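Residues per chain are reported as follows:
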Amino acid sequence: MIQLLRMGNPIHTGAIIDNIETDITYVETLPAWKIDKALGTLEKQLSDTMTVFGLGETVRGINKRGWIYVSNNSDDPNHTEDKHSLYASQNFLLITTPDAEMVEGVFIDDPGTVTFDIGYTLLDRLTIRSGSGNADIYRITARTASEVVHLFRTIIGQSYIPPKWAFGFGQSRWGYQTMEDIQNVYDAYHNASIPIDSIYLDIDYMERYKDFTINSTRFPDFPAFVKKMQKNNIHLVPIIDAGVKIEEGYDIYEEGCENDYFVKKENGERLVAAVWPGRVHFPDFFKPEVQDWFGQKYQILINQGIDGFWNDMNEPAIFYTDDHLKEVFDNLENYRNQNLDIQSFFEFKALVSSIDNNPEDYRRFYHEHEGKLIRHDKVHNLYGFYMTKSAGEALKRIEPEKRTLLFSRSSYIGMHRYGGVWTGDNKSWWSHLLLALQQLPALNMCGFLYSGSDMGGFGADCTEDLMARWLELAILTPLYRNHTSLGSRFQELYRFSCIDGFRRIIELRYALIPYIYSEFMKAAHNDCMYFQPLSFIWDADPRAYEIEDQIMAGESIMLAPVVHQNMTGRYVYLPEDMKLIRFRSWNQYTEEILNKGNHYIKCGLFETILFLRKGHVLPLAAPALSTAEIDYSTINYITYDADPLDYELYNDDGISRKV
Ligand code: MIG
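Since the structure is predicted, the reported quantities are computational estimates derived from the model, not experimental observations.

**A closer look at the overall build of the chain**
Part 1 of the argument: Secondary structure assignment for the chain yields 13 helices and 39 strands.
Part 2 of the argument: The C-alpha atoms of the chain give 25 Å as radius of gyration, which agrees with the globular expectation for 659 residues (26 Å, within 12%).
Part 3 of the argument: Along the first, second and third principal axes, the C-alpha atoms of the chain reach 70 × 65 × 55 Å.
Part 4 of the argument: Every one of the 659 residues in the chain was classed for burial, and the buried ones make up 63%.

Dropping the structure here:
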C-alpha cells in the first residue's frame, strides 16, 4: 500500500514517475507517526528491535540508527563518521523488525535540506524534518522489506542500464594528461595480461577545463585515438563538469549567455562562481530548453567515438563566488596588523575557510522551475539529478538504439532512471573499504543499481594489500573502477609487486560477469535489488539484522570480504547452510559445505571467498581480456543442491537499449 501525505506546497521534482500505475491514497495522517506540518516534522517511536535501513550514499553502517543525517548534497572529500552529508540525497528509509507483520518505507520528496535524526537526540526516536516544510511524504507498507522496495521502485521508475562493457574493469586517475599517458596505461595492462575494458579521462583532457573541448596538443587526433583504443576493446570515458567556463569565443559560454541558459541572481545578473576553469556560469538545468541544449553537447564527444561519461562537480561544487570572495577580501583587511586573540584568530580562520561551498552562496541564485523562480537552496539536491537527466535524455535522442555509460557524483532519487553513481572522493582507508560495502544495499533500495566506489581509494596513498582487498570486496559490484587523486601514490595494478595476484582477481571478475550481468539485468527489469542486507532474505533471524559486513549479491552469493589490514581470515555468520567457494583463481578453487552459524574463515591476501546459497547456482565463464571476448559457450556451473538448469542466465548483445 502506498499513502501520500502532503506538507505545505512541495515542488514537482520528477523523483516519482508521472504515469504511475500503482494506487496511491492521499492521507492527512500516517499511523504511528506524529506529524507537525507547521514544523515540517514527522516523528516515530523506535522500538529496541527496529532496524532502520536506507538513505543511499551516506556515512556509517547499514543500520542507520544512532546518527543524524542531513540531505544537503556536498562536495566534501572527508567522509568521516562525524559528517552528516555527502554528495547525494536519497531520502528513503525502511523500518523493520524481525517479527514484523508489516514493513514500512518512507520517502521524503523534498529537494531542500531534510534532516533525519535516527536515534541521535533520543535513542528511541526517529525525527524527520523538512527544512522548508514543503514535502511529499510517501509511506509504503508491505509484508516484507523486498516488497516495500519493489513497490517503491514501481513509482520511481526503472533503473538505468549501462552497456555490458561497463561491468568490466576500469582504470582511472586524476593526472592522466596526454594520449601517451593513456596509451601507457593500456600497454602496461596489456603487457601484464590483466583484463580491462575502460580508461577514464579526467579533467586534463579538456582545453582549459572547458566542457566538450579536447586539448589538441595533448590529443592531436582524438577521434583516431578513440578508435585505436576501441580496436583494443578499450572505451575511453571522459569527465564532464557542471560549470561552464566564462571565456569570450567559447561557443558554449556564448550560446548560454545569448539564450539566457545560466543561473542568475536576484538582480538578474548571471552568477559568477568558480571551479576548475576559474570563473564559470552554471547552466540552469531546471529549464527544459537548457536540459536539451546542454545534453545535446554530449554529441560533440559521441561524434568522436566516445560512448561513456561521468558527470562531476554537480552538487554543484563552488570554489568561490565573485560576490563572496569580495566580501572575504574586504573583511580580511580588518584583521591586518592586529594582535589576533582567541576570538579574532578563529574568526579570521573561519573567514578564509568559508570560501568554498559556502551556504550563503547557495542562496544567491535562482532556478526557473515550471515557470516560477525558486531560490537554489530550496531545490539544491536536484541539481546533479537534472544535469544527468539532461545528459541521459539527450543520449537517448542521439543514439536511440544504443546504451551509453553514464554516471554522476551528485544525485537524488529519480536520477537512477538516467545514470548510475560513484560514491565520490573516498580515501585509501580500511574504514572506507567497509563503507563501500555498506553503501551498496542502501543505494540499491532506491534504484541506484549501477554504482560503486573508487577502488583503492581516491584520496591518500593506497597500499598493495588494500588494493587487493578492495578488488575482492567489489568483485560483484557493477561499477568496478580503480580511481585515485592527483598527488596520491600510483595505484594502477601493474605498479605493485604481486601482479600475478591482481591478474588472478581481475580474471575472476571477468569469469563472474555472466552472473553479474544476469543478476543486474534481472534486478533492473523486475525493480528489485541486486545487493541486499541479509535480513531482507532471512527476515525472521534477529542475527541477520545486525550483520554490517556481509551482504547478498544477486540470488546466489553472499559476500563476506576481509575488511581489515593484516588479517588472513575473518568470522562469518551463515544464516543457513552455505557452500564456501575459496578462489585462488577463476579455475583453482575449493568448495566446502558449512553449516548455519558462526565460522572462522581463512582468506589469504590474493584469495576471494564467496558463499553460495543452498539450492543455488553460480555460473563461471572462462575469463577474457575484455567483456566483449567472454565466451558464453564454455560456462561452468558451481552448484549447491541445485541443477545448472535452475539458474536463469540472462544475456543479450550488451549494447542495444531495452530488449
Ligand atoms: O575536486 O576531476 O570526485 O573523481 O578525479 C576534484 C578531478 C574534482 C572530483 C571527483 C574526482 C575527480 C576530480 N574531481
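From this point, things continue past the structure.
**Thoughts on the site of the ligand**
Part 1 of the argument: As a structural note, the neighbourhood of the ligand is formed by 13 residues, with D202, D312, R409, D425 and H483 the closest of them.
Part 2 of the argument: A distance of 2.5 Å separates an oxygen atom of the ligand from a polar atom in the side chain of D202.
Part 3 of the argument: Between the ligand and H483 there is a distance of 2.8 Å, counted from an oxygen atom to a side-chain nitrogen or oxygen.
Part 4 of the argument: Taken by itself the ligand offers 350 Å² of open surface, and the protein chains cover 95% of this.
Part 5 of the argument: Of the residues in the shell around the ligand, the class split is 8 nonpolar, 1 polar and 4 charged.

**Some points on the state of the cysteines**
Part 1 of the argument: One pass over the full model with this rule turns up 0 disulfides.
Part 2 of the argument: Looking at C603, it has no disulfide partner, and the nearest cysteine sulfur is the one in C498, 14 Å off.

**Topic: the side chain of K287**
Part 1 of the argument: You can see K287 is positioned in the loop between strand 19 (278-281) and helix 5 (288-302).
Part 2 of the argument: Filtering out sequence-adjacent residues up to four positions away, K287 remains in contact with D260 and E368.

**Overview of the nonpolar core**
Part 1 of the argument: F169, L236, L471, L476 and L618 are the most contacted members of the largest nonpolar core, which has 174 residues in total.
Part 2 of the argument: In this view, F169 contacts Y189, P195, I196, D197, S198, M455, L471, Y480, N482, L493, I506 and Y510; residues no more than four positions away in its chain are not counted.
Part 3 of the argument: Among the nonpolar cores identified, the runner-up in size contains 26 residues, and L5, W67, L126 and A135 belong to it.

**Some remarks on the sheet that holds strand 1 (residues 2-7)**
Part 1 of the argument: Sheet architecture is open: 6 strands sit in the order 2-1-12-9-8-5, paired in mixed fashion. Across the chains shown, the open sheet's two edge strands, defined by having one partner strand only, are strand 2 (24-27) and strand 5 (51-54). Strand-to-strand twist in this sheet, taken as the mean axis angle between neighbours without regard to direction, amounts to 25 degrees.
Part 2 of the argument: Two elements, strand 1 and strand 2, share 4 bridges in a ladder whose sense is parallel. Along strand 2, the bridge assignment pairs I2 with I24.
Part 3 of the argument: Packed on one face of the sheet, helix 1 (residues 145-156) meets strand 1, strand 2, strand 8 (92-96), strand 9 (103-109) and strand 12 (135-142) and runs near 140 degrees to strand 12.

**As for the packing of helix 10 (residues 430-445) against helix 11 (residues 464-473)**
Part 1 of the argument: The N-to-C vectors of helix 10 and helix 11 enclose an angle of 5 degrees; their axes lie 10 Å apart at closest approach. By the criterion of interaxial angle, the relationship of helix 10 to helix 11 is roughly parallel. In this structure, helix 10 contributes W430, H432, L433, A436 and L437 to the contact, and helix 11 contributes D465, L466, R469, W470 and L473.
Part 2 of the argument: The residue makeup of the contact of helix 10 with helix 11, split by class, is 7 nonpolar, 1 polar and 2 charged.

**Digging into the pattern of salt bridges**
Working definition: two side chains of opposite charge can pair if their charged atoms are close together.
Part 1 of the argument: Scanning the model with the defined rule gives 44 salt bridges in all.
Part 2 of the argument: The partner of E333 in a salt bridge is R336, and the shortest N-O contact between them spans 2.9 Å.
Part 3 of the argument: Ionic pairing is found between E472 and R469, a salt bridge with its closest N-O pair at 2.9 Å. Note that E472 and R469 are positioned in helix 11 at a spacing of 3 residues, about one turn of the helix. This pair shows no difference in class: E472 is buried, exactly as R469 is.

**What to know about the layout of surface pockets**
Part 1 of the argument: If you add up the space inside the largest pocket, you get close to 550 Å³.
Part 2 of the argument: Taken together, 20 residues form the lining of the largest pocket, with S159, Y160, K396, R417 and R657 sitting closest to its centre.
Part 3 of the argument: Contributions of two or more residues to the lining of the largest pocket are made by helix 9 (383-398) and helix 13 (513-525).
Part 4 of the argument: Sort the elements by how many residues they give to the lining of the largest pocket and helix 9 lands first, with 4 residues.

**Here's the deal with the pairing of strand 34 (residues 578-585)**
Part 1 of the argument: For strand 34, the buried fraction is high: 7 of the 8 residues fall into the buried class.
Part 2 of the argument: The pairing of strand 34 with strand 35 (residues 588-594) spans 7 bridges and is antiparallel. Counted as the bridge partner of L580 is E592 from strand 35.
Part 3 of the argument: Between the end of strand 34 and the start of strand 35, which pair antiparallel, lie 2 residues.
Part 4 of the argument: Bridge count for strand 34 against strand 37 (residues 608-613) is 6 bridges, and the pairing is antiparallel. If you follow F583 over to strand 37, its bridge partner there is T608.

Each value, and the rule that gives it
- Residues numbered from 1 in each chain as written.
- Predicted model: local features only at pLDDT ≥ 70, side-chain atom pairs only at ≥ 80, totals over all residues.
- Heavy atoms only, no water.
- Helix = DSSP H or I, 4+ residues; strand = E, 2+ residues; numbered from the N terminus.
- Rg over C-alpha atoms; globule rule 2.2 N^0.38 Å.
- Buried < 20%, exposed > 50% of the residue type's maximum accessible area, 1.4 Å probe, protein only.
- Near = heavy atom within 4 Å.
- Polar contact = N/O pair within 3.5 Å; in protein donor to acceptor, adjacent residues only side chain to side chain.
- Areas by Shrake-Rupley, 256 points an atom, 1.4 Å probe, with all protein chains shown as cover.
- Nonpolar A, V, L, I, M, F, W, Y, C, P; charged D, E, K, R; others polar.
- Disulfide = S-S within 2.5 Å.
- Contact = heavy atoms within 4.5 Å.
- Core = buried A, V, L, I, M, F, W, Y, C linked by side-chain atoms within 4.5 Å.
- Pairing = 2+ DSSP bridges.
- Axes fitted to C-alpha atoms, helices over the stretch in contact; angles between N-to-C directions.
- Parallel < 35°, antiparallel > 145°, perpendicular 65-115°, else oblique.
- Salt bridge = Lys/Arg side-chain N within 4 Å of Asp/Glu carboxyl O.
- 1 Å grid on protein atoms, 1.4 Å probe; cavity = no way out; pocket = protein on both sides within 12 Å on 5 of 7 lines; lining within 4 Å.
- Points joined across faces, edges and corners; volume = space filled by probe spheres on them.

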